[in-house]
Structure formats: C-alpha cells, structure tokens
Amino acid sequence: MKTLLRTRTATILSAGAIGLLALSGCGMDSGSGGEESGSESGSSESQPADSGESEMPDESGDSSMADSDLVGKGCSAYAEANPDGAGSVEGMGQDPVATAASNNPMLTTLTKAVSGKLNPDVDLVDTLNGDEFTVIAPIDDAFADVPKDDLDTLAKDSDQLTKVLTYHVTPGQLSPDEIAGEHETAEGSKVKISGEGEDMKFDDAGLVCGGVKTANATVYMVDAVMMPEK
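Looking at an unreviewed UniProt entry, one finds the protein chain named Uncaracterized surface protein containing fasciclin (FAS1) repeats and attributed to Brevibacterium iodinum ATCC 49514.

Notes on the overall build of the protein chain
The helix and strand tally for the protein chain stands at 12 helices and 7 strands. Going through the 230 residues of the protein chain one by one, you find that 41% of them count as buried. For the protein chain, contacts bridging at least 24 residues in sequence account for 68% of all contacts bridging at least 6. By element, 47% of the accessible surface of the protein chain is carried by carbon and sulfur atoms, the whole surface being about 12,600 Å².

As for the pairing of strand 1 (residues 133–138)
The element strand 1 is largely enclosed, with a buried count of 6 among its 6 residues. Covered by surrounding structure in strand 1 are Phe133, Val135 and Ala137 together with Thr134, Ile136 and Pro138, the residues of both alternating faces. Here 3 bridges tie strand 1 to strand 2 (residues 169–171), and the two strands are oriented antiparallel to one another. Paired with Val135 across the bridge in strand 2 is Val169. Note: strand 1 against strand 7 (residues 217–222), 6 bridges, orientation parallel. The partner of Val135 across the bridge, within strand 7, is Val219.

Regarding the pattern of salt bridges
As enumerated under the stated definition, the model contains 2 salt bridges in all. Lys148 is the partner of Asp152 in a salt bridge, and the nearest nitrogen-oxygen pair spans 2.8 Å. Linking Asp152 with Lys148, this pair stays in helix 11 (residues 148–156), spanning 4 residues, or about one helical turn. Overall, the relative accessible area of 61% leaves Lys148 in the exposed class. Here Glu187 and Lys163 are joined by a salt bridge, their closest N and O atoms 2.6 Å apart. With Glu187 in the loop between strand 3 (181–184) and strand 4 (190–194) and Lys163 in helix 12 (residues 158–166), this pair connects stretches of sequence that are 24 residues apart.

A few points about the state of the cysteines
Under the defined criterion, the tally for this structure stands at 1 disulfide. Each sulfur in the disulfide pair Cys75 and Cys209 lies 2.1 Å from the other. Judged by the torsion about the S-S bond (105 degrees), the Cys75/Cys209 disulfide is right-handed. Within this pair, whereas Cys75 is found in helix 5 (residues 75–81), its partner Cys209 is found in strand 6 (residues 205–213), the two being separated by 134 residues in sequence. A relative accessible area of 2% places Cys209 in the buried class.

The rules behind each value
- Residues numbered from 1 in each chain as written.
- Predicted model: local features only at pLDDT ≥ 70, side-chain atom pairs only at ≥ 80, totals over all residues.
- Heavy atoms only, no water.
- Helix = DSSP H or I, 4+ residues; strand = E, 2+ residues; numbered from the N terminus.
- Buried < 20%, exposed > 50% of the residue type's maximum accessible area, 1.4 Å probe, protein only.
- Contact = heavy atoms within 4.5 Å.
- Areas by Shrake-Rupley, 256 points an atom, 1.4 Å probe, with all protein chains shown as cover.
- Pairing = 2+ DSSP bridges.
- Salt bridge = Lys/Arg side-chain N within 4 Å of Asp/Glu carboxyl O.
- Disulfide = S-S within 2.5 Å.

What follows is the structure in structure tokens.
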C-alpha cells in the first residue's frame, strides 16, 4: 500500500521552494566603556543614550506573528497556547510536515491516521516528509464531528482512508495569497479553495489557521474533514 501510494504520488509531485518560517528577534548592544576602575569613571556618569536603547526588546513580543504569513482566526490563540517548543509555530518550522504535525496538539487524530496508528496499512509519514506539499490539516474537532460509525468504517478500509488523506495533500507549497483556486491533490482529484484571508474555504471546510510553515510544507488547519468525490 505504501509503495503504491509513493509511486502514485511521485507522478504528480512538482518541486517547490522549501520555505522555513522566518521568526525574527530583537537584540541590542550592551557594551559599557571605561578602562579605569575608579569610582569617578564608573558610577556617577550614566549614559542617557544607552538607557534609551533599553526599550528595544519590548518591540519583539509578537514578532513571530507579525513577520509570518499566518492567516486565520485561530492563529493568535494557537501561538499564545504554544509559545515555544516543538509544537510552537517556530518549532514546527524546524521539522518536516508529518513530524511537525505530530507535535501539534490540535492534530493528534490526523497524526494517528497518517502514521499507521489508525490503520497499520496506511503509513504516509515517509511520503509526507519526503517532498514539498501544501497540507490541509483537519483539527481534532473536525474528526470529532464525523459520526463514529463512519470514522470506524473509514479506519478499517485502507484504500478509502488513503484516498481521503491524500485528498488533503497538494504537491508544492502554496502561500495564502496564491492558494485560491482549484488544485490537483495527491489523491488525483481537485480541491476547490475559495475566499481570502480568514474567510478562506477548502471545499466546505473553514480555515482555522493557515500559512504555517514546516521544513518542507505549508499547512492550513481546517475545521472539517474533506471527502473526495467518488
């Protein structure tokens, strides 16, 4: 199954530019002069110019959000809940997409589905980590909205599960300002992405937070599981 998926996926993949999320920090020069150690040179004369520069670090608090391409109503809340570590926006940028998703606390069900934990015959980790993609990632609440019987049936059908999962993957990396339109998926059919900004729709799924960069992919977290046409 994995060999078939990799073979099929490889025929439609195109190389894209690997994007790493650029997060900038603010630094400042803190040199203090004076070769003499006496009280006359060190203590009584403080430099007003230096004290003015001390305000610079305060400007860097939200730099990860301001300097990124993140879009969606849920982005700020996610960044605040995950300010650092492997599951943070910056942390996800250091790992390939399947690995990055496994560290994201909102993508635990999707991680199980692509890693063989839901169905041992469906393990897409190497495929997803091995090329450049745009990944539409249903959050845990999206899977919770799928009736349990339907989800159980899907989990047991390796062909259908593979079809659904690869429908959420598009070759190449698409930024928020270029993703609108119809795009061929790794599953073979096309997904329709409409709207712009936080009002983007992926078929009928709404955007939670998108434009999240990993080492090899751009991720759009959505609020529903998309189903390809049969």
